[in-house]
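# A closer look at the structure
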Amino acid sequence: MKIEFLEEVGSTNEYIKRYLLSGEDRIVIAKRQTGGKGTKGRSFLSESGGVYLSALNFYKNFPAENAFLIMAHAAVAVSETAESFGLDPEIKWPNDVLLAGKKLAGILVENTIDGGEVKSSIVGIGLNVLNELGELKEIAVSLSEAAGRIVPLDEARGYLIENLQRKISFDDYIGRVRFLGKEVRVIESGGETYFGKAVGVNPDGRLEVERGGKSVLLSAAEISLRI
Ligand code: BTN
C-alpha cells in the first residue's frame, strides 16, 4: 500500500482525488488540514495533533447496495484503534466513534458508483489524538485525554492504518452500536420529532426503529438522532 505524508493540505479527501484514475490503492495522511470537510457539508476542525487520513480503495464486483460496509469498516477500524489504548469506544450510527458520549473521530466516505457497483471509495478519517479541542471540548475528546496520558501520534496512526487493512464482519460494527435496544429521539429533516426503540442497523445502512408498534427504516441523510 502506498502511503503519502503531507505537512498541510486543504483536505486529504480532496487531495487524494487526483489518484482516482490510478487504479492503485493508496493512503494520504496530513499533519493538519486547512479546509477539512465533514458530513452534511460541514467543516472539520483539523489542527496539528490529530490524524487526518484518506484511504482510496478500488473494487471489483462490489454491489452498490453494500456500500455501507465501507463506512462500517472504517468505524470499526477507528474503534479498534481506541481499544488498543485500553479505551472503550462506541459507534454512534452511522459514522461517529464516541468515548463516554464525546466524539473521538469523524468519518467521511465518498464513493464512485457506476452501473450499480462501487468502483472506488475514499474513506476520510479525522482522529483526535493529542490535539487541543478548544471550544469543542464539551462534545469532542482525544485519545490522550481519554487515556490520561500522551498518546504518540505515530502510534495511533500506525494502529489505524493496520486496522484499516483488516477484514471485518458486519457484527463487529453492530456489536459496537450500543444504543440498539434503547429508546432514541428521531429528528426528521422536515422538523418532526418522535421517540422510538432502535432495534437494528440493516446492512444497507438504514436504522430500524420501532415506532408505535410499527417498524420504520431511517436513512442517516434524512434524520438526526438523540440518544
Ligand atoms: C464528520 O464527522 O463530519 C466527518 C469528518 C471527516 C474528517 C476527515 S479528516 C480526513 C478527511 N479529509 C477531510 O477533509 N475530511 C476527512
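Notes on the structure follow. For every chain, the first residue of its written sequence is number 1, and the numbers climb from 1 along that sequence. Only residues with pLDDT of 70 or above have their local features reported here, since the model is predicted, and side-chain atom pairs are shown and tallied only from 80 upward, although totals for entire chains, interfaces and linings are computed over all residues. Values reported for side chains reflect all heavy atoms of the structure, with hydrogen atoms and water molecules removed beforehand.

Let's shift gears to the overall build of the protein chain. Broken down by element type, the protein chain carries five helices and 12 strands. On C-alpha atoms alone, the protein chain measures out to a radius of gyration of 17 Å, which is about the 17 Å that the 2.2 N^0.38 rule sets for 227 residues. Judged by the C-alpha coordinates and their principal axes, the protein chain covers about 50 × 45 × 30 Å. Per-residue burial over the protein chain gives 46% buried out of 227 residues. Throughout, a contact is declared for two residues whenever any of their heavy atoms are within 4.5 Å. Long-range contacts, defined as pairs at least 24 residues apart, comprise 59% of the intrachain contacts of the protein chain with a sequence gap of at least 6. Only the protein chains shown count as covering a residue, and every accessible area follows the Shrake-Rupley method with a 1.4 Å probe. Counting every atom, the protein chain has about 11,200 Å² of accessible surface; 48% of that belongs to carbon and sulfur. Computed over 28 positive and 32 negative side-chain charges, the separation of the two mean positions in the protein chain equals 1 Å. Numbered from the N terminus, helices here are DSSP runs of H or I no shorter than four residues, and strands are runs of E no shorter than two. With the radius of gyration taken over C-alpha atoms, the globule rule is written as 2.2 Å times the number of residues to the power 0.38. Note on classification: 1.4 Å probe, protein chains only; a residue is buried when its accessible area is under 20% of the maximum for its type, exposed when over 50%, partly exposed between these limits. Under this rule, positive means Lys or Arg and negative means Asp or Glu; His and the chain ends count for nothing. Charge coordinates come from a single atom per side chain, which is NZ of Lys, CZ of Arg, CG of Asp or CD of Glu.

Pairing between strands is defined by DSSP: at least two bridges between the two strands are required. A sheet is described by the order of its strands in space; here seven strands give the open sequence β1-β2-β3-β7-β6-β5-β4, paired in mixed fashion. Two strands close off the open sheet at either side, each with one partner strand: β1 (2-9) and β4 (90-92). Along the sheet, successive strands turn relative to each other by an average axial angle of 20 degrees, direction set aside. Where strand β3 (residues 50-58) and strand β7 (residues 117-128) come together, nine bridges link them in antiparallel fashion. Following the sheet pairing, Leu53 is matched in β7 by Ile125. Axis definition: a line fitted to C-alpha atoms, over the contacting stretch in the case of helices. Angles run 0 to 180 degrees between N-to-C directions. Helix α2 (residues 68-84) contacts β4, β5 (96-99), β6 (102-114) and β7 of the sheet and is inclined by roughly 150 degrees relative to β6. Sitting on the sheet, helix α4 (residues 153-165) is in contact with β1, β2 (26-33), β3 and β7, with an inclination near 20 degrees to β3.

With that settled, the discussion passes to the nonpolar core. Within soluble globular proteins, side chains that are nonpolar tend to cluster in buried spots. Among the buried residues, those of types Ala, Val, Leu, Ile, Met, Phe, Trp, Tyr and Cys that are joined through side-chain atoms within 4.5 Å form a nonpolar core. Leu53, Trp93, Ile125, Leu127, Leu143 and Tyr173 are the most contacted members of the largest nonpolar core, which has 52 residues in total. With 10 residues, α2 is the single largest residue contributor to this core. The contacts of Ile125, once residues within four sequence positions are left out, are Val51, Tyr52, Leu53, Ala74, Val78, Gly106, Ile107, Leu160 and Leu164. One finds Ile16, Tyr19, Val28 and Leu56 within the second-largest nonpolar core, a separate group that totals nine residues.

Take the site of the ligand next. Every one of the 19 residues lining the ligand counts as a neighbour, but Ser11, Gln33, Lys37, Thr39 and Lys103 are closest to it. In the model, a nitrogen atom of the ligand is placed 2.9 Å from a nitrogen or oxygen of the Gln33 side chain. Nitrogen and oxygen atoms within 3.5 Å of one another constitute a polar contact, given that in protein one can donate a hydrogen and the other can accept it, and given that sequence-neighbouring residues count only through two side-chain atoms. One of the side-chain nitrogen or oxygen atoms of Lys103 is found 2.5 Å away from an oxygen atom of the ligand. Summarising the interface, the protein chains cover 98% of the accessible area of the ligand, which totals 410 Å² for the free molecule. If you list the elements that add at least two residues to the shell around the ligand, you get α1 (12-15), β3, β6 and β7. Looking at which element gives the most residues to the shell around the ligand, the answer is β6, with four residues. Charged means Asp, Glu, Lys or Arg here, nonpolar means Ala, Val, Leu, Ile, Met, Phe, Trp, Tyr, Cys or Pro, and polar covers whatever is left, Gly included. Considered class by class, the residues forming the shell around the ligand number five nonpolar, 11 polar and three charged. The criterion for a residue being near a molecule or strand is simple. One of its heavy atoms has to lie within 4 Å of it.

Turning our eyes to something else, we now look at a nonpolar patch on the surface. Nonpolar side chains collect at one region of the surface, where Met1, Ile3 and Phe5 lie side by side and expose about 310 Å² of accessible area between them. Among the secondary structure elements, Phe5 is positioned in strand β1. Here the term patch refers to residues with relative accessible area over 30% and no salt bridge, with like charges joined within 9 Å and nonpolar side chains (Val, Leu, Ile, Met, Phe, Trp, Tyr) within 5 Å. Throughout this description, the term salt bridge denotes a Lys or Arg side-chain nitrogen within 4 Å of a carboxyl oxygen of Asp or Glu.

A word on the pattern of salt bridges. Taken as a whole and judged by the stated rule, the model has 16 salt bridges. Between Glu24 and Lys2 there is a salt bridge; the shortest N-O distance is 3.4 Å. One end of the pair, Glu24, is in the loop between α1 and β2; the other, Lys2, is in strand β1, and 22 residues separate them in sequence. A salt bridge links Glu80 to Arg166, with the nearest nitrogen and oxygen atoms 3.3 Å apart.

This brings us to the layout of surface pockets. By rolling a water-sized probe across the atoms, one finds the places where empty space is left. Of the pockets and cavities examined, the second largest pocket occupies roughly 510 Å³. Where the lining of the second largest pocket is concerned, the elements lending two or more residues are β3, α2 and α4. Among the elements that take part in the lining of the second largest pocket, α2 stands out by supplying four residues, more than any other. Here the lining of the second largest pocket is built from residues that sort into 11 nonpolar, four polar and three charged. Buriedness for pockets is judged along seven lines, at least five of which must meet protein on both sides within 12 Å for an open set on the 1 Å grid over protein atoms alone, while cavities are sets there where a 1.4 Å probe fits but cannot get out, and lining residues have an atom within 4 Å of a point. Grid points are joined across faces, edges and corners, and a volume is the space filled by probe spheres set on the points.

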